[in-house]
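These are the residues of each chain, in order.
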Amino acid sequence: MVKIEFLGPINKDSIELDVKNLKELKQILQKDESLKEWLELCAISLNDEMVFDENVNFKNGDKICLLPPVCGG
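Since the model is a prediction, treat every value here as computed from it, not as a measurement.

A. Examining the pairing of strand β1 (residues 2-6) more closely. By the criterion of burial, β1 is predominantly enclosed, with four of the five residues buried. Bridge count between β1 and strand β2 (residues 15-17): three bridges; the pairing is antiparallel. Paired with I4 across the strands is I15, a residue of β2. Bridge analysis of β1 against strand β5 (residues 63-67) gives four bridges, and the strand direction is parallel. Within the sheet, the bridge partner assigned to F6 lies in β5 and is L66.

Conventions adopted
- Residues numbered from 1 in each chain as written.
- Predicted model: local features only at pLDDT ≥ 70, side-chain atom pairs only at ≥ 80, totals over all residues.
- Heavy atoms only, no water.
- Buried < 20%, exposed > 50% of the residue type's maximum accessible area, 1.4 Å probe, protein only.
- Helix = DSSP H or I, 4+ residues; strand = E, 2+ residues; numbered from the N terminus.
- Pairing = 2+ DSSP bridges.

This is how it looks when you write it as structure tokens:
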């Protein structure tokens, strides 16, 4: 199981899923209409490090965060 956290304005409670990689996670999360748009915009971190490879393998206890874009000055 991995823990998925939705940060900032996504405004969803954390969940735990049994997924093997980022590609599988995205497929599951796209079924949630409220997340579809966010998945296109968000960066994703795995244990506090940015990930870009959809085939990176998750391990039991990993923490994945969806990081929405922010602006600042």
